[in-house]
Amino acid sequence: MAVAAAGMAVSAAGAAPAVRRSLGRCRPLRGGAGPRGRWALPAGGWCLRLCSTRVSLEGINRPVIDRIIRVDHAGEYGANRIYAGQMAVLGRSSVGPIIRQMWNQEKDHLKKFNELMVAYRVRPTVLLPLWNVAGFVLGAGSALLGKKGAMACTVAVEESISDHYNNQIRTLVEEDPEKYKELLQVIKQFRDDEREHHDIGIEHDAEAAPAYSVLKTAIQFGCKAAIFLSERI
């Protein structure tokens, strides 16, 4: 979410009223792209079979749920824009397929949060147009530093997002783990995916990027700012 969020409004008409889905854990494919062949990901439709989009709104902590879903929707859209920017620069390079595979997962994440926003009747952040531009600029800008720069951006962003998801998991467990069971499943699955993306970045020499520590710190500062604003506005 390093300045990550989106310019896409949620369409209420798009949610089927009683779609049954379930979450399954992602498994890395064997042999994949990349120098070590360790982190190949499915190229779309991977493992996310989502839970029912029909939820009970009775007794939920509305301020907490609104904040969680709003910021996560913004963050997943921002991640999509970051990967779009990276693909615009590096799409035909050796890391293009790896970026594409991670982007495909982020598309599935965004699709789920679009559904959850409708199901929980949460409005999107008003900052989506800003995150739309900022995410793409961040992705393209990091990619202009080369493959290592793009991977350094991925590491910084995904580390921030996975830490943010962990905070949300703790909040929901403290609230009522049974009441928010479905939402917890979704967030835990997505956290694991973001951790995997982080590890992919490390595997592809993110730490060898120019001024890695400075770049990572700057991006994560942007992440924190984007999270703070998107939760509230």
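Because the structure is a prediction, the values reported are computed rather than measured.

Peer 1: Tell me about the pattern of salt bridges, and please be specific about residues and values.
Peer 2: Charged atoms that come close allow side chains of opposite charge to pair. Enumeration over the complete set of coordinates arrives at six salt bridges. A salt bridge links Asp192 to Arg191, with the shortest nitrogen-to-oxygen separation between them at 3.2 Å. For the pair shown, Asp192 and Arg191 are each scored as buried. Residue Glu231 pairs with Arg232 through a salt bridge whose shortest N-O separation is 3.0 Å. Note on Arg232: relative accessible area 47%, which makes it partly exposed. The network of salt bridges with shared partners includes Lys112, Glu115 and Glu182.

Peer 1: Lay out the nonpolar core in plain terms, naming residues and giving numbers.
Peer 2: Counting 48 residues, the largest nonpolar core has Ile65, Ile69, Tyr120, Leu172 and Ile219 as its most contacted members. What Ile65 contacts, discounting residues up to four positions off in sequence, is Ile60, Tyr120, Leu172, Tyr180 and Leu183. Core analysis: the second largest hydrophobic core is formed by six residues, Ala74, Leu127, Trp131 and Ala226 among them.

Peer 1: Can you explain a nonpolar patch on the surface? Please cite residues and give values.
Peer 2: The grouping of Val126, Phe228, Leu229 and Ile233 at the surface amounts to a nonpolar patch, some 340 Å² of accessible area in total. As for its position among the elements, Leu229 is in helix H6 (residues 212–232).

Peer 1: For the packing of helix H2 (residues 96–120) against helix H4 (residues 147–175), give the residues involved together with the corresponding values.
Peer 2: Axis separation between H2 and H4 bottoms out at 13 Å; the angle between their running directions is 30 degrees. With respect to their mutual orientation, H2 and H4 come out roughly parallel. Here H2 and H4 pass one another in a crossing that is left-handed. Together, Ile98, Ile99, Met102, Glu106 and Phe113 of H2 and Met151, Thr154, Glu158 and Tyr165 of H4 make up the contact between the two elements. A per-class count over the contact of H2 with H4 returns six nonpolar, one polar and two charged.

Calculation notes
Residues numbered from 1 in each chain as written. Predicted model: local features only at pLDDT ≥ 70, side-chain atom pairs only at ≥ 80, totals over all residues. Heavy atoms only, no water. Salt bridge = Lys/Arg side-chain N within 4 Å of Asp/Glu carboxyl O. Buried < 20%, exposed > 50% of the residue type's maximum accessible area, 1.4 Å probe, protein only. Core = buried A, V, L, I, M, F, W, Y, C linked by side-chain atoms within 4.5 Å. Contact = heavy atoms within 4.5 Å. Patch = residues over 30% accessible without salt bridge, like charges linked within 9 Å, V, L, I, M, F, W, Y side chains within 5 Å. Areas by Shrake-Rupley, 256 points an atom, 1.4 Å probe, with all protein chains shown as cover. Helix = DSSP H or I, 4+ residues; strand = E, 2+ residues; numbered from the N terminus. Axes fitted to C-alpha atoms, helices over the stretch in contact; angles between N-to-C directions. Parallel < 35°, antiparallel > 145°, perpendicular 65-115°, else oblique. Left-handed = near helix turned anticlockwise from the far one by under 90°. Nonpolar A, V, L, I, M, F, W, Y, C, P; charged D, E, K, R; others polar.

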